[in-house]
Amino acid sequence: MPQYTLLAIETSCDETAAAVVRGREVLSNVLRSQLEHQRYGGVVPELAARAHLQSIIPIVREALQRAGLGIEQLDALAVTTEPGLIGSLLVGVNFAKGLALRWNLPLVPVNHLEGHMFSGFLEAEPPEFPFLALVVSGGHTALFWVRSFAEYSLLGSTRDDAAGEAFDKIATLLGLGYPGGPAIDRCAMRGNPQAFSFPRPLLNDPSDDFSFSGLKSAVRALLQRHYPNGVPEEVLPDLCASAQAAIVEVLVRKTLRAARRCRARTIVVAGGVSANSALRRQFQQEALRLGLRVVFPQTVYCLDNAAMIGLVAHEKLCQLGAEAFRTLSFTARPTPLRARSVAQQRCH
Ligand code: KG4
Ligand code: ZN
């Protein structure tokens with residue numbers, strides 16, 4: 001298999017990221033997280049696009065510098081084209097197209113979700129096909145049955161909020177700031193997960209779909225009823241642990257149920273929420289009990305990053321050859337996953 005050296009760019013949401021990869025080896029992986037959204041409690045699309053515009057040149061320069069390479073030493077470029085915030089995507093896509101034209105390089109368009117789905121291949125012991133992939137991030141919660149780099153089915157996805165969105169919105173209700181996932185994770189370590197009983201939406205539904213907006217509403221209702229003047233400091237850990245337990249239980253139990261049905265031997269858990277310590281612990285415990293292998297990418301590859309985009313692009317180059325990526329005719333698409341998901345697909 002040829003070893004292409006690639007510069008990959010990722011700007012689908014609020015991280016400006018660039019990486020240089022050679023095959024599956026990461027030569028550099030650089031990113032800037034936009035902190036300007038913190039005071040709004042969520043990503044503001046227009047601010048995100050402007051921030052990408054400011055950061056993209058320094059981030060790309062740094063990625064090349066850390067890899068010890070000049071652009072003229074690259075074989076190809078890669079960029080995330082979908083899904084994501086359209087203004088953010090356009091910054092990365094247009095920048096990459098400009099570079100491709102100037103340096104006469106092939107440019108591989110990459111789907112962000114494929115990046116997360118295959119991020120386990122950046123690890124020293126990658127998963128083996130076929131596997132079940134749970135992609136849990138701020139924008140997506142989806143289960144895929146993955147047969148190869150080129151072939152996979154969407155089994156189910158969230159009907160409303162993504163798991164990371166639920167963490168973020170609940171953290172905002174609790175006054176913990178944005179992004180809320182890491183804050184809830186930390187605070188929950190001191191709390192009792194059984195202190196409050198929150199709903200487990202769609203837990204017993206036969207589909208592989210998820211739903212988290214009701215959980216956020218349940219937390220809001222509880223706060224209004226019991227703590228109209230603000231949550232006392234000493235209650236916060238119990239609230240965090242209980243809300244986290246509800247999200248984690250749904251994710252783990254529904255994924256394991258799908259794994260049984262698909263007779264999966266390996267599960268990959270990827271995306272920002274897969275950094276959650278309780279989720280990792282429960283998956284590991286259950287997997288041990290059931291004799292399954294669970295692959296969690298390292299935290300830097302769980303969160304949005306460009307190395308995973310480079311990895312997917314490398315596989316596409318190996319499959320189709322560099323000449324297939326010279327047209328630059330693709331555009332950027334925000335396409336939410338839900339709109340594209342076909343009715344339930346099967347694993348085998
Ligand atoms: O994959 P990612 O960086 O961006 C998207 O594609 O959305 O995921 C970001 C999401 C945020 O919602 C953040 O709160 C969540 O991942 N997250 C966590 C943790 N670290 C990040 N959620 C729970 N526990 C964590 N430790
Ligand atoms: Zn992501």
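*Asks:* Which residues make up the sheet that holds strand β1 (residues 5-10), and what values do they have?
*Replies:* Read from one edge of the open sheet, 5 strands run β3-β2-β1-β4-β5, paired in mixed fashion. Here the strands that pair on one side only, and so sit at the sheet edges, are β3 (25-33) and β5 (107-111). For this sheet, the mean inter-axis angle between neighbouring strands, taken without regard to orientation, is 20°. In terms of strand pairing, strand β4 (residues 76-82) meets β5 through 5 bridges, oriented parallel.

*Asks:* Got a sec to walk through the layout of surface pockets? Specific residues and values, please.
*Replies:* By volume, the largest pocket amounts to about 1300 Å³. Along the walls of the largest pocket sit 47 residues, with Ser-137, Gly-138, Gly-139, Asp-168 and Tyr-178 positioned nearest its centre. The biggest single contributor to the lining of the largest pocket is helix α4 (residues 163-173), with 5 residues. By residue class, the composition of the lining of the largest pocket is 17 nonpolar, 21 polar and 9 charged. Here the lining of the largest pocket gathers at least three residues from each of two domains, domain 1 (5-117 + 302-325) and domain 2 (129-296). The volume enclosed by the second largest pocket comes to roughly 240 Å³. Lining the second largest pocket are 16 residues, with Pro-193, Ala-241, Ala-245, Ala-278 and Gln-282 sitting closest to its centre.

*Asks:* Talk me through the packing of aromatic side chains; I want residue IDs and the actual numbers.
*Replies:* Counted according to the given criterion, the structure contains 13 aromatic pairs. Ring centres of Phe-118 and Phe-149 lie 4.7 Å apart, and the angle between their planes is 40°; this geometry places the pair in the tilted category. Taken together, the residues Phe-118 in the loop between α3 (112-117) and β6 (131-136) and Phe-149 in the loop between β7 (141-146) and β8 (152-157) connect sequence positions 31 residues apart. Accessibility expressed as a relative area gives 0% for Phe-118, which makes it buried. Considering the side-chain rings of Phe-283 and Phe-296, the 6.2 Å spacing of their centres and the 65° angle between planes classify their relative orientation as edge-to-face. Within this pair, whereas Phe-283 is found in helix α8 (residues 277-290), its partner Phe-296 is found in the loop between β10 (293-295) and α9 (299-302), the two being separated by 13 residues in sequence. Given the relative accessible area of 11%, Phe-296 is considered buried.

Scoring rules and cut-offs
Residues numbered from 1 in each chain as written. Chains lettered and ligands numbered in written order. Predicted model: local features only at pLDDT ≥ 70, side-chain atom pairs only at ≥ 80, totals over all residues. Heavy atoms only, no water. Pairing = 2+ DSSP bridges. Helix = DSSP H or I, 4+ residues; strand = E, 2+ residues; numbered from the N terminus. Axes fitted to C-alpha atoms, helices over the stretch in contact; angles between N-to-C directions. 1 Å grid on protein atoms, 1.4 Å probe; cavity = no way out; pocket = protein on both sides within 12 Å on 5 of 7 lines; lining within 4 Å. Points joined across faces, edges and corners; volume = space filled by probe spheres on them. Nonpolar A, V, L, I, M, F, W, Y, C, P; charged D, E, K, R; others polar. Domains from an automatic or database assignment. Phe/Tyr/Trp six-rings, centres within 6.5 Å; stacked < 30°, edge-to-face > 60°. Buried < 20%, exposed > 50% of the residue type's maximum accessible area, 1.4 Å probe, protein only.

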